[in-house]
Amino acid sequence: MPHPFATHAGVRRLVTAAIAAPSVHNTQPWRFRLNGAAAMELHADLDRRLTVIDPRGQALHISCGAALLNLRLAIRMTGHRPQIEFFPEALGRATLLASVRAVDAPMPSLEQAELYAAIPHRRTNRHPFSKRLVPQPVRRELMSAVRTEGAALALPGPQTTAYLLSLVAAADERLASADEYVAELARWTPDRACGDGVPRYAFGPRPSGRGVPMRDFGLAGPVPGRKAEHFTARPQLGVLLTKGDGPADWLRAGQALQRVLLTAERHGVSASLLSQPLDMRVGASTATAPASHGHIQAIIRFGYGPPVPGTPRRPFPEVLTRI
Ligand SMILES: Cc1cc2nc3c(=O)[nH]c(=O)nc-3n(C[C@H](O)[C@H](O)[C@H](O)COP(=O)(O)O)c2cc1C
């Protein structure tokens with residue numbers, strides 16, 4: 001098979017897979033730079049950083065990590081394997097997160113092929129999930145997917161779930177009264193589906209009464225036609241944890257997040273995120289950890305939801321440059 005960086009079609013396939021990744025409020029804070037045919041560089045696009053919501057750049061790095069996992073899988077599909085140097089020039093070029101080479105390798109495993117196939121189908125699902133429980137073998141696979149990437153996934157029981165939901169609710173209340181936060185959120189929830197941001201059709205319904213405090217994307221004002229629906233107060237949550245809490249850990253968390261989301265998709269399990277307790281944090285997130293297992297990088301809701309449409313992405317030429 002030709003080297004994946006050697007042809008326009010090959011590069012397009014890789015970047016298209018990478019940018020299908022989830023990103024905080026669909027900011028797509030990434031750029032790819034092709035260094036001849038030798039390496040593909042992943043850069044953070046600091047113009048797309050959420051300076052109020054994400055002052056440390058945690059969500060930005062997690063988003064870029066998710067794109068990196070997709071890029072790795074796409075390279076595996078070409079009969080190559082990715083060889084990655086993380087933060088190769090951290091001091092000189094602060095935006096350069098990873099430099100990825102593609103070296104010859106045997107064909108991918110069935111699991112890798114299935115994860116790759118799941119990339120275009122994975123979506124954030126903000127609808128109520130059915131009462132059906134995520135079976136134990138699937139839960140084990142979700143944990144294993146995260147472990148593969150050097151992070152941990154805790155699947156809390158009812159008590160910790162209630163505690164986590166109370167944190168989300170408290171954070172929601174705090175954030176709703178922060179004007180700068182509401183203004184930044186409004187900028188990324190436009191009233192039209194363009195190349196980025198969370199379109200209104202993806203908001204999902206408002207929760208009626210008490211239940212899962214889903215993120216209220218309608219903070220900046222009511223959304224006409226948006227209905228209220230009942231969400232279970234006992235969702236299957238997953239808490240993604242890392243040992244450290246710096247840029248390298250966030251990049252790892254992003255890869256783990258995307259691997260678990262693709263694994264869920266492979267099993268027909270829907271997912272959405274509840275990041276409110278992590279928003280606007282200026283310090284490490286240890287205080288919100290359910291146990292002393294590490295730093296919370298993501299709170300995920302798993303279950304079985306209705307089909308939802310995909311969200312827009314910026315066109316491929318906008319995110320790729322060549323040197
Ligand atoms: C780091 C990170 C944090 C996120 N936080 C939330 C969140 O709190 N609430 C939510 O509904 N979606 C959240 N999302 C999902 C994004 O809004 C979603 O990925 C983006 O809008 C693109 O849509 P898609 O996932 O359907 O492709 C988050 C995604 C990432 C990567």
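Refer to the preceding data block for the structure.
Below, the structure is looked at part by part. (Residues numbered from 1 in each chain as written. Predicted model: local features only at pLDDT ≥ 70, side-chain atom pairs only at ≥ 80, totals over all residues. Heavy atoms only, no water.)

The subject of this paragraph is the nonpolar core. Val15, Trp30, Phe32, Met40, Leu42 and Leu71 are the most contacted members of the largest nonpolar core, which totals 37 residues. Of all elements in the fold, only helix H1 (8–19), strand E1 (30–35), strand E2 (39–44), helix H2 (58–76), strand E4 (96–104), helix H3 (110–118), helix H7 (247–266) and helix H8 (316–319) reach the threshold of two or more residues within this core. Here Trp30 is in contact with Ile19, Ala21, Pro22, Ser23, Leu42, His43, Asp45, Ser63, Cys64, Ala67, Arg314 and Val319, once residues within four sequence places are set aside. Formed by 22 residues, the second largest nonpolar core is a distinct cluster that contains Val146, Ala151, Leu155 and Leu240. (Core = buried A, V, L, I, M, F, W, Y, C linked by side-chain atoms within 4.5 Å. Buried < 20%, exposed > 50% of the residue type's maximum accessible area, 1.4 Å probe, protein only. Helix = DSSP H or I, 4+ residues; strand = E, 2+ residues; numbered from the N terminus. Contact = heavy atoms within 4.5 Å.)

On to the environment of Val103, then. You can see Val103 is positioned in strand E4. Take Val103: its relative accessible area is 23%, and that puts it in the partly exposed class. Note: C-alpha distance between Val103 and Leu153 (50 residues apart in sequence) is 31 Å. Sequence-distant contacts of Val103, defined by excluding residues within four places in its chain, comprise His80, Arg81 and Gln83.

Only one face of E1 is covered, namely the one carrying Trp30, Phe32 and Leu34; the face carrying Arg31, Arg33 and Asn35 has none of its residues buried. Counted along the chain from E1 to the antiparallel partner E2, the turn is three residues long, and its residue Gly36 has a positive phi close to 60°. As paired elements, E1 and strand E11 (residues 320–322) share three bridges and run parallel to each other. For Leu34, the partnering residue across the bridge sits in E11 and is Arg322. (Pairing = 2+ DSSP bridges.)

Our focus in this paragraph is the site of the ligand. Around the ligand sit 20 residues in total, of which Thr124, Arg126, Arg215, Ser275 and Arg313 are the nearest. Contacts to the ligand include Ser275, whose side-chain N or O atom sits 2.7 Å from a nitrogen atom. Within the side chain of Arg313, a nitrogen or oxygen atom sits 2.7 Å from an oxygen atom of the ligand. Contact with the protein chains covers 98% of the free accessible surface of the ligand, which is 630 Å². When atom positions are compared with the pocket grids, the ligand is found to occupy the largest pocket. (Near = heavy atom within 4 Å. Polar contact = N/O pair within 3.5 Å; in protein donor to acceptor, adjacent residues only side chain to side chain. Areas by Shrake-Rupley, 256 points an atom, 1.4 Å probe, with all protein chains shown as cover. 1 Å grid on protein atoms, 1.4 Å probe; cavity = no way out; pocket = protein on both sides within 12 Å on 5 of 7 lines; lining within 4 Å. Sits in = over half its atoms within 2 Å of the grid points.)

Taken in spatial order, the four strands make up an open sheet running E5-E8-E10-E9, and their pairing is antiparallel. Strand pairing shows two members of the sheet lacking a second neighbour, strand E5 (152–154) and strand E9 (270–273), which therefore form its edges. If you compare each strand with its neighbour and ignore which way they point, the axes differ by 30° on average. Across three bridges, the pairing between E5 and strand E8 (residues 236–242) is antiparallel. The residue of E8 that forms the bridge with Ala152 is Leu241. (Axes fitted to C-alpha atoms, helices over the stretch in contact; angles between N-to-C directions.)

A full pass over the atoms with the stated rule returns twelve salt bridges. Between Asp245 and Arg56 there is a salt bridge; the shortest N-O distance is 2.9 Å. A residue pair is termed long-range when its members are at least 10 positions apart, and Asp245 in the loop between E8 and H7 and Arg56 in the loop between E2 and H2 qualify at 189 residues. Comparing Asp245 with Arg56, the two get one shared label, buried. We note a salt bridge from Asp279 to Arg215, for which the minimum N-O separation is 2.9 Å. With a gap of 64 residues between them, Asp279 in the loop between E9 and strand E10 (295–303) and Arg215 in the loop between strand E6 (206–207) and strand E7 (228–229) connect regions that are remote in the sequence. Grouping residues by exposure puts Asp279 and Arg215 together as buried. (Salt bridge = Lys/Arg side-chain N within 4 Å of Asp/Glu carboxyl O.)

This part takes up H7. Taking 1.5 Å of rise per residue, 20 residues should cover 28 Å, and H7 covers 29 Å from first to last C-alpha, within 8% of that figure. Most of H7 sits inside the fold, with 15 of its 20 residues counted as buried. (Expected span 1.5 Å × (residues − 1).)

By the definition in use, this model includes one cavity of 30 Å³ or more. Put simply, the largest cavity is a space of about 30 Å³. Around the largest cavity, the lining residues are Thr124, Arg126, His127, Tyr201, Ala202, Val308 and Pro309. Here the residues of the lining of the largest cavity sort into four nonpolar, two polar and one charged. (Points joined across faces, edges and corners; volume = space filled by probe spheres on them. Nonpolar A, V, L, I, M, F, W, Y, C, P; charged D, E, K, R; others polar.)

The analysis is restricted to geometry; functional conclusions fall outside its scope.
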